[in-house]
Amino acid sequence: ILGATMIATCESFALADKLGLDRKAMFEVVSTSSGYSWSMNAYCPAPGIGPKAPSDNDYIPGFSSDLMLKDLKLSQNAAFETKSATPMGNLAMKLYKDFVETNNGSGLDFSAILKTFEVWIIIVLLILYFIDPLILKEYDFEITYKRVI
């Protein structure tokens, strides 16, 4: 459950960045409404927002991404053994597997998966820019790009 809620929390920050929203303002709204969760309110993955968390300390682990991946693999093994459908757990496992094994997430706190979503935004914007630079004019590409970096 925690792996999936942390991913959803990270997605919300990445989306806020893409929309040009201030992260602190987004946190104030989301953390006091239907987005309230332990991942958002007690262990915020965005540095400098919410209570002190590993994100404020270069993602030095409280609970490592490696351990989250291990737990997600165990959950998926149990789901396989019991023939249970767990699509969210399966996707969370795949995202953490990619983060740990391919994207330098090993040894970092599990909340550092936020970096994955920040990078995806940059990649999508750069691809769009190279396909048609004019397409991004309506989205204010330069401001979004600077904010995400």
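Note that the coordinates shown come from a computational prediction; the quantities given were computed from them, not determined experimentally. (Residues numbered from 1 in each chain as written. Predicted model: local features only at pLDDT ≥ 70, side-chain atom pairs only at ≥ 80, totals over all residues. Heavy atoms only, no water.)

(A) Structural context of the overall build of the protein. Within the protein, the secondary structure is distributed over 7 helices and 0 strands. Scanning the protein from its N terminus toward the C terminus, one meets helices and strands in the order α-α-α-α-α-α-α. Burial analysis of the protein (149 residues in total) assigns 40% to the buried set. Long-range pairs, those at least 24 residues apart, make up 62% of the contacts in the protein between residues at least 6 apart in sequence. When the accessible area of the protein is evaluated, it comes to approximately 8800 Å², of which 63% is carbon and sulfur surface. (Helix = DSSP H or I, 4+ residues; strand = E, 2+ residues; numbered from the N terminus. Buried < 20%, exposed > 50% of the residue type's maximum accessible area, 1.4 Å probe, protein only. Contact = heavy atoms within 4.5 Å. Areas by Shrake-Rupley, 256 points an atom, 1.4 Å probe, with all protein chains shown as cover.)

(B) Structural context of the packing of aromatic side chains. Counted according to the given criterion, the structure contains 3 aromatic pairs. With 4.8 Å between their ring centres and 20° between their planes, tryptophan 38 and tyrosine 43 make a pair best called stacked. A ring pair is formed by phenylalanine 63 and phenylalanine 110, whose centres lie 5.8 Å apart and whose planes are at 80°; its orientation type is edge-to-face. Taken together, the residues span a long stretch of sequence, with phenylalanine 63 in the loop between helix 3 (38-41) and helix 4 (65-81) and phenylalanine 110 in the loop between helix 5 (87-101) and helix 6 (114-131) at a distance of 47 residues. Site record: aromatic cluster; members linked through ring pairs are Trp38, Tyr43, Phe63 and Phe110. (Phe/Tyr/Trp six-rings, centres within 6.5 Å; stacked < 30°, edge-to-face > 60°.)

(C) How the structure looks around helix 4. Taking 1.5 Å per residue as the helical rise, helix 4 with its 17 residues ought to reach 24 Å, and the 24 Å between its terminal C-alpha atoms agrees with that figure. Within helix 4, the full set of buried residues consists of Ser65, Met68, Leu69, Leu72, Gln76 and Ala79. Down the axis of helix 4, the buried side of the element spans an arc of 100°, and every buried residue falls inside it. Phi turns positive one or two residues past the end of helix 4, at lysine 83, with a value near 55°. (Expected span 1.5 Å × (residues − 1). Arc of directions from axis to C-beta.)

(D) Representation of the state of the cysteines in the model. Evaluated as defined, the whole model comprises 0 disulfides. We note that cysteine 10 lacks a disulfide partner, and the nearest cysteine sulfur, in cysteine 44, lies 8.5 Å from it. Relative accessible area serves as the criterion here: at 0%, cysteine 10 is assigned to the buried category. Here cysteine 44 falls in the buried class, since its relative accessible area comes to 0%. (Disulfide = S-S within 2.5 Å.)

(E) Representation of the nonpolar core within the structure. Formed by 30 residues in total, the largest nonpolar core has its most connected members in Met6, Ile7, Phe13, Tyr96, Ile113 and Phe117. Where this core is concerned, the elements lending two or more residues are helix 1 (2-19), helix 2 (23-30), helix 4, helix 5 and helix 6. Not counting residues up to four positions away in its chain, the partners in contact with methionine 6 are Ser39, Tyr43, Pro45, Tyr96, Phe110, Ser111 and Ile113. (Core = buried A, V, L, I, M, F, W, Y, C linked by side-chain atoms within 4.5 Å.)

(F) Structural view of a nonpolar patch on the surface. On the surface, a nonpolar cluster with roughly 290 Å² of combined accessible area is contributed by Leu15, Leu19 and Leu21. Secondary-structure assignment places leucine 15 in helix 1. Owing to a relative accessible area of 48%, leucine 15 belongs among the partly exposed residues under this scheme. (Patch = residues over 30% accessible without salt bridge, like charges linked within 9 Å, V, L, I, M, F, W, Y side chains within 5 Å. Salt bridge = Lys/Arg side-chain N within 4 Å of Asp/Glu carboxyl O.)

(G) Representation of the confidence of the model for the protein within the structure. For the protein, the mean per-residue pLDDT works out to 85, and 80% of the residues sit at or above 70. Residue range residues 139-149 is modelled with pLDDT below 50. Its contacts to residues more than four positions away, or to other chains, number 18 contacts. (pLDDT = per-residue confidence, 0-100.)

(H) Seen up close, the environment of serine 39. As for its position among the elements, serine 39 is in helix 3. Placed 36 residues apart in sequence, serine 39 and glycine 3 show a C-alpha to C-alpha distance of 9.2 Å. Setting aside chain neighbours within four positions, we find serine 39 in contact with Leu2, Thr5, Met6, Thr9, Cys44 and Pro45. Among the polar contacts listed, one links the side chain of serine 39 to the side chain of threonine 5, at a separation of 3.2 Å. (Polar contact = N/O pair within 3.5 Å; in protein donor to acceptor, adjacent residues only side chain to side chain.)

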